[in-house]
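# Survey of secondary and tertiary structure
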Amino acid sequence: MESLSFLLSFSFFLLSLSPLVSSHVTNHDDFLNCLSRRINDNTTPSKVIHTSKDSSFFSILDSSTQNQRLSVPTTPKPVSIITPVQATDVQTVIRCARVHGIHVRTRSNGHGYEGQSYVAYNKPFVVIDLRYLRSITFDVDNRTGWVQTGATAGELYYEIGKTTKTLAFPAGTHPTVGVGGQFSGGGYGTLLRKYGLAADNVIDALVVDARGRILDRQAMGEDYFWAIRGGGGSSFGVVLSWKIRLVDVPPTVTVFKVSKTSENQAVQIINKWQYVADKVTDDLFIRATLERSNDNTVQASFSGLYLGPVNDLLVLMEVKFPILGLEAEDCTEMSWIESVLWFADYPKGESLGVLANRERSSLSFKGKDDFVQEPIPESAVRGLWRRLEAPEGSLAKIILTPLGGKMSEIAEHETPFPHREGNLYEIQYLAHWRGEEDKNKRETQKYLNWVDSVYGFMTPYVSKSPRGAYVNFMDIDLGMYLGKEKSKYEEGKSWGVKYFKNNFERLVRVKTSVDPTDFFCDEQSIPALLESLNDM
């Protein structure tokens, strides 16, 4: 029996951990004392350790709370926040937390859809906030770079833009998203059809494991390295930094946007888009978005990036996607780094430095997503249009992101992210609302219900057995650990296969190998098989 084999294989590891595991009740004061004694003399403990008694505590907590529905008073708060200034500080936190039974969460910049990096339920917890570990260095000659986990995608892009105009990195379009959560779950943006995910272009990493050791790719081994590139890094340790492969882009790219407010016209174009967007040259990315326009009517917008000049794009579109009616005045030639600003909706002429701003969102949101493997009928597109006309749809977006290209060339087992060949596009249903509305739970609930209704409506048209989901768009409605009738493995598999398909089983084996006592965990983390056996 496989589970018994694991039990025998890792019994020596459990014995090696036993001196670190305390049987005493969690003692936060002892944990803080442990930190204060061990923090390097070259740092100031008051800069690293923040408790609720400190005047800076709530400003630090709130500064990276990017989903305002999770900032309400009833949301569980950490007992302390640790802001490491060097790698050894992270090691100290992990070792002291193990000794004193403290549960930890790790935050890059707080964009997790369910706030999993700064919220924990049913147990006291500490947040390791990596905001001070955000250095970025490049070796342009070898087209590589090292990025610390506390950096944002915008900070990474900013440093690339200052250094070169013909190299890039295929991460997300939102500059304030931290690279830690993004890379560990996959990470995609406008270059995904050309170069795949951010995780596909990570070539090394430094991780603090459950024993407090710092490991690089060679020391951790290929299974461990595989798991953190798409399997959700918070299940396996604290990733300190990532070595990335920079990718080539031409000096001139073209961006464009075409919007249609006529429902009949928009439906026809989206229908054709489903047959084209994943099959055109991988130099072309066209995203479709359903949302309200400035005059509050529903519209379909088609935003694109072409890795080349406008004249070549117009010829291509006339052949492959003429129904869109793309014209030269819809297009703008620019550098790739300028396209990053453009896709982030910064005004024309904005300086590159704005990408390094770490802004806090004032909105609340809830999202769900699906993967589409066959074109959905026009009636389904009209149904989505109708739902955006509802009052709860005033700030909502339904985003269709094309796959194909490089995404279809990478086998689904090469990284934990399995949604590759056979998927036309990913579709996200995203409700936004003003944070002050969360003062009334009924107001919040109506937006949550709107997302649920769209998700339910799309059931017949999306992937099945399992119904796929993207782990970076974490959805707690898919399930969470309750610890009642089922083992943790059985509970985790119910949503794990949606995120990872057949890769879930390998992730469990890696987890069991590197963190058998399940020290690194959250409401939907990968379960350790040995820990699951203890639950039975």
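Identification of the protein chain as FAD-binding PCMH-type domain-containing protein from Brassica carinata is taken from an unreviewed UniProt entry. UniProt, in its Cofactor (unreviewed entry) section for the protein chain, records the words "FAD".

Once that is clear, we can look at the sheet that holds strand β2 (residues 80–82). Sheet architecture is open: four strands sit in the order β1-β2-β4-β3, paired in mixed fashion. Looking at the sheet topology across the chains shown, the edges are occupied by β1 (49–51) and β3 (103–107). The average undirected angle you get between the axes of adjacent strands in this sheet is 25°. Note that β2 and strand β4 (residues 125–129) share three bridges and pair parallel. Note that in β4 the partner of Ile-82 across the bridge is Ile-128. Against the sheet, helix α3 (residues 28–38) engages β1, β2 and β4, with an angle of about 155° to β1.

To continue, consider the state of the cysteines. Taken as a whole and assessed by the stated rule, the structure comprises one disulfide. A disulfide bridge connects Cys-34 with Cys-96, and the sulfur atoms are separated by 2.0 Å. Judged by the torsion about the S-S bond (-75°), the Cys-34/Cys-96 disulfide is left-handed. Of this pair, Cys-34 sits in helix α3 while Cys-96 sits in helix α6 (residues 87–100), and the two are 62 residues apart along the sequence. Given a relative accessible area of 1%, Cys-34 falls into the buried group. Among the residues examined, Cys-96 registers a relative accessible area of 0% and is labelled buried. You can see Cys-521 has no disulfide; the closest cysteine sulfur is in Cys-96, sitting 18 Å from it. In this structure Cys-521 comes out as buried when scored by relative accessible area, which is 11%.

As a further point, take the sheet that holds strand β18 (residues 425–434). Ordered by their spatial adjacency, seven strands build an open sheet running β15-β12-β14-β13-β17-β18-β16, and the pairing between neighbours is antiparallel. With one partner strand each, in any of the chains shown, β15 (331–334) and β16 (363–372) form the two edges of the open sheet. For this sheet the average axis-to-axis angle between neighbouring strands, irrespective of direction, equals 15°. Pairing analysis gives six bridges linking strand β17 (residues 397–402) to β18, with the strands arranged antiparallel. Within β18, the position partnered with Lys-397 by the bridge is Leu-430. Packed onto the sheet, helix α12 (residues 263–276) meets β12 (253–260), β13 (284–292), β14 (298–306), β17 and β18 and runs at close to 35° relative to β14. Across the sheet, helix α17 (residues 441–457) touches β16, β17 and β18, and the angle it forms with β18 is around 165°.

Scoring rules and cut-offs
Within every chain, residues take consecutive numbers counted from 1 along the sequence as written. For a predicted model such as this one, the threshold for reporting local features is a pLDDT of at least 70, and the threshold for listing and counting side-chain atom pairs is 80 or more; totals across whole chains, interfaces and linings nevertheless cover every residue. For the side-chain quantities, the full set of heavy atoms in the structure was used; hydrogens and water were omitted. UniProt positions are given in the numbering used here, feature names are shortened, and annotations may be inferred rather than shown by experiment. Two strands are counted as paired when DSSP detects at least two bridges linking them. Secondary structure is summarised from DSSP: a helix means a run of H or I of at least four residues, a strand means a run of E of at least two, and numbering begins at the N terminus for each. A fitted line through C-alpha atoms serves as each axis, taken over the contacting stretch for helices, and the angle formed by two N-to-C directions is quoted from 0 to 180°. In what follows, a contact means two residues having at least one pair of non-hydrogen atoms within 4.5 Å. The disulfide definition used here is simple: a pair of cysteine sulfur atoms within 2.5 Å. Each residue gets one of three labels from its accessible area relative to the maximum for its type: buried under 20%, exposed over 50%, partly exposed in between, using a 1.4 Å probe on protein chains only.

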